[in-house]
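Spelled out, the chains give:
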Amino acid sequence: IRGLAEHLSRTEAKFYGASWCPHCTEQKELFGESARRLPYVECSPAGPNSRQASVCNDAGIKSYPTWIINGERYTGTQNLNALAQYSKYQHDGGKP
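Because the structure is predicted, anything quoted here is derived from the model rather than measured. (Residues numbered from 1 in each chain as written. Predicted model: local features only at pLDDT ≥ 70, side-chain atom pairs only at ≥ 80, totals over all residues. Heavy atoms only, no water.)

Within the largest apolar cluster, 27 residues are counted, with the highest numbers of intra-cluster contacts made by Leu4, Leu8, Tyr16, Phe31, Leu38, Ile61 and Trp67. If you list the elements that add at least two residues to this core, you get helix 1 (2-10), strand 1 (14-17), helix 2 (22-31), strand 3 (66-69) and helix 4 (80-86). (Core = buried A, V, L, I, M, F, W, Y, C linked by side-chain atoms within 4.5 Å. Buried < 20%, exposed > 50% of the residue type's maximum accessible area, 1.4 Å probe, protein only. Helix = DSSP H or I, 4+ residues; strand = E, 2+ residues; numbered from the N terminus.)

Attention now goes to the sheet that holds strand 1. Taking strand neighbours across the sheet as the criterion, the 4 strands line up as 2-1-3-4 in an open arrangement whose pairing is mixed. At either margin of the open sheet sits one strand with a lone partner, and together these are strand 2 (40-42) and strand 4 (72-75). If you compare each strand with its neighbour and ignore which way they point, the axes differ by 25° on average. Pairing geometry for strand 1 and strand 3, over 3 bridges, is antiparallel. Residue pairing in the sheet places Tyr16 in a bridge with Thr66 of strand 3. The strands touched by helix 2 within the sheet are strand 1, strand 2 and strand 3, with strand 1 carrying the most contacts at an inclination of about 145°. (Pairing = 2+ DSSP bridges. Axes fitted to C-alpha atoms, helices over the stretch in contact; angles between N-to-C directions. Contact = heavy atoms within 4.5 Å.)

Structurally, Trp67 can be placed in strand 3. For the pair Trp67 and Gly3, spaced 64 residues apart in sequence, the C-alpha to C-alpha distance is 17 Å. Setting aside residues no more than four positions away along its own chain, Trp67 makes contact with Leu8, Lys14, Phe15, Gln27, Leu38, Pro39, Glu72, Arg73, Tyr74, Gly76, Gln78 and Leu83. At a separation of 3.2 Å, a polar atom in the side chain of Trp67 contacts the side chain of Gln27. (Polar contact = N/O pair within 3.5 Å; in protein donor to acceptor, adjacent residues only side chain to side chain.)

This part takes up the side chain of Gln27. Relative to the elements of secondary structure, Gln27 occurs in helix 2. Within the local environment of Gln27, its side chain forms a polar contact with the backbone nitrogen of Gln78, the two atoms lying 2.7 Å apart. Setting aside residues up to four positions removed in sequence, Gln27 forms contacts with Phe15, Trp67, Gly76, Thr77, Gln78 and Leu83.

What follows covers the state of the cysteines. According to the stated counting rule, one finds 1 disulfide in the structure shown. Covalent S-S linkage joins Cys43 and Cys56, the inter-sulfur distance amounting to 2.0 Å. Since a negative S-S torsion denotes a left-handed disulfide, the Cys43-Cys56 link at about -85° is left-handed. With a gap of 13 residues between them, Cys43 in the loop between strand 2 and helix 3 (54-58) and Cys56 in helix 3 connect regions that are remote in the sequence. (Disulfide = S-S within 2.5 Å.)

The values are spatial; any link to function lies outside them.
Right under this line is the structure:
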């Protein structure tokens, strides 16, 4: 899982979300301790009733979580195997 998180960061993938979003929390929980290694972008730094961060507006983010990997957009919680596939992550067997 750590390898996948680091690969996503190295390949300039982006995980757009909000601290108050339950699906974003669920996405981070799939990575456990390695969640801090994710290329996470906070879109709602001032809370749920505030304006979305300009970096997220510029990226056209309409819902959370949204992943942008290799120029493709994926919305909703993604499982680890899907993220590995989207990012062309090669791992040594077992879980990503």
